[in-house]
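Chain and residue survey
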Amino acid sequence: MAQKILVIEDEPTLARLLSYNLSQEGYHTKVVDHGGDGLQEAIQQSYDLIILDIMLPGLNGFEVLAKLRQKGNSTPVIILTARNAEDEVVQGLKHGADDYITKPFGVAELLARVSAVLRRTMSEDVTVDKQGTNEKVIQAGELYIYPEKYEVVLNGESIPLRPKEFEVLLYLVQRPGVVVTRDDLMNIVWGFDYIGGQRTVDVHVSSLRKKLEMNQQSVQIDSIRGVGYKLVASIIKK
Ligand code: CA
């Protein structure tokens, strides 16, 4: 069954571009051009993903997101942020967005982000933590990742990671045993228009690897020469 995507965007050209390209990929899309109407639609219907602009008539994107989450709706949301507006990204993630795309963006980036968020949310489990609150957690062996808190726990110990290291690990952990190319990591974590080069990926993976492997080597990142990386998690029996 086709996955359903709600696009909340008031700029007609951009809305058409989004809707056209997502439909071409086989997603069912609906466009709403008003914040309040978008919120109603998101609550009344069931969507697999919402693409949400920030500057909207009626409620702005942050308000839509906040109200959606207040109502217990956990549909994944990708926000569309303005270039050089890091505060929008921070605000958006704080309000419960799953990812963001900076305008202007290319179709390839859009589709990569959409499919990454859909894959990620499908592989997540919700567990009940000690405080009894529902929280997303992704597990590989003794490694637990809490995407909402940017927290990583390995063998019971919290591992301090920089944001990009966290995102690299999150991407690898959703594909255990699968070789992920440097290009994939580059595009997903740094974005398609990033010009830092693949060396940046290697530096982050190397530092991430040190932090993980200090901890009993139950999780390791293997290098696949000339291609990329693979996460291997061994299950330690207690
Ligand atoms: Ca707008």
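Predicted model, so just to flag it, every value in this text is computed and none were measured. (Residues numbered from 1 in each chain as written. Predicted model: local features only at pLDDT ≥ 70, side-chain atom pairs only at ≥ 80, totals over all residues. Heavy atoms only, no water.)

**Thoughts on the packing of aromatic side chains**
Going through the model one piece at a time under the given rule, you end up with one aromatic pair. Taking the centre distance of 4.3 Å and the plane angle of 20° together, the rings of Tyr 150 and Phe 166 count as stacked. Taken together, the residues span a long stretch of sequence, with Tyr 150 in the loop between strand E8 (143-146) and strand E9 (151-154) and Phe 166 in helix H6 (residues 163-173) at a distance of 16 residues. Assessed through its relative accessible area of 2%, Phe 166 is described here as buried. Positioned above the aromatic ring of Tyr 100 is the side chain of Arg 113, whose terminal nitrogen or guanidinium carbon lies 5.8 Å from the ring centre. (Phe/Tyr/Trp six-rings, centres within 6.5 Å; stacked < 30°, edge-to-face > 60°. Helix = DSSP H or I, 4+ residues; strand = E, 2+ residues; numbered from the N terminus. Buried < 20%, exposed > 50% of the residue type's maximum accessible area, 1.4 Å probe, protein only. Lys NZ or Arg CZ within 6 Å of the ring centre and 35° of its normal.)

**Description of the coordination of the calcium ion**
Looking at the metal site, the calcium ion is ligated by Asp 10 (OD), Asp 53 (OD) and Met 55 (O), spaced 2.1 to 2.3 Å from it. Every donor residue of the calcium ion comes from the same chain, spaced as D-x42-D-x1-M. Of the two residues, Asp 10 sits in the loop between strand E1 (4-8) and helix H1 (12-24) while Asp 53 sits in strand E3 (residues 49-53), which places them 43 residues apart along the sequence. (Donors = N, O, S within 2.8 Å, 3.2 Å for Na, K, Ca; no water.)

**Some remarks on the confidence of the model for the protein chain**
Taken as a whole, the protein chain shows an average pLDDT of 84; of its residues, 87% reach a score of 70 or greater. Counted against residues more than four places away or in other chains, residues 125-132, with its pLDDT under 50, gives 12 contacts. (pLDDT = per-residue confidence, 0-100. Contact = heavy atoms within 4.5 Å.)

**Re the pattern of salt bridges**
Overall, the coordinates contain eight salt bridges when judged by the stated rule. The shortest N-O distance in the salt bridge between Asp 53 and Lys 103 comes to 2.9 Å. In this pair, Asp 53 is assigned in strand E3 and Lys 103 in the loop between strand E5 (99-102) and helix H5 (107-123), connecting sequence segments 50 residues apart. Residue classification places Lys 103 among the partly exposed residues on the basis of a relative accessible area of 25%. (Salt bridge = Lys/Arg side-chain N within 4 Å of Asp/Glu carboxyl O.)

**Some details on the sheet that holds strand E2 (residues 28-32)**
The strand order E2-E1-E3-E4-E5 describes an open sheet built from five strands, whose pairing is parallel. The strands lining the two open edges of the sheet, one partner per strand, are E2 and E5. Sheet twist, expressed as the mean angle between neighbouring strand axes with direction ignored, is 20°. Where E1 meets E3, four bridges bridge the pair, whose relative direction is parallel. Bridge pairing in E3 places Val 7 opposite Ile 51. In the packing of helix H3 (residues 61-70) onto the sheet, the strands contacted are E1, E3 and strand E4 (77-81), and the crossing angle to E3 comes to about 145°. Along the sheet, helix H4 (residues 86-94) makes contact with E4 and E5, crossing E4 at roughly 160°. (Pairing = 2+ DSSP bridges. Axes fitted to C-alpha atoms, helices over the stretch in contact; angles between N-to-C directions.)

**Things to note about unusual backbone geometry**
Residue Pro 104 is bonded to the preceding Lys 103 through a cis peptide linkage, with omega at -5°. Its identity as a non-glycine residue notwithstanding, Tyr 150 has a phi of 55°, on the positive side. By relative accessible area, Tyr 150 is classed as partly exposed at 40%. Here Asn 155, not a glycine, exhibits a phi torsion of approximately 50°, which is positive.

**Notes on H3**
Inspection of H3 places Gly 61, Phe 62, Val 64, Leu 65, Ala 66 and Leu 68 among the buried residues, and these make up the whole buried set. Summarising the contacts, the buried residues of H3 are in contact with E1, helix H2 (35-44), E3, E4 and H4. Taking the backbone nitrogen of Phe 62 as reference, a side-chain oxygen 2.9 Å away marks Asn 60 as the first, capping residue of H3. (Polar contact = N/O pair within 3.5 Å; in protein donor to acceptor, adjacent residues only side chain to side chain.)

**Focus on the packing of H6 against helix H8 (residues 198-213)**
Their axes nearest at 10 Å, the elements H6 and H8 cross at an angle of 80°. As far as their axial angle goes, H8 and H6 are roughly perpendicular. In contact with Lys 164, Glu 165, Val 168 and Leu 169 of H6, H8 contributes His 204, Val 205, Ser 207, Leu 208, Lys 211 and Leu 212. A class-by-class count of the residues in the contact of H6 with H8 yields five nonpolar, two polar and three charged. (Parallel < 35°, antiparallel > 145°, perpendicular 65-115°, else oblique. Nonpolar A, V, L, I, M, F, W, Y, C, P; charged D, E, K, R; others polar.)

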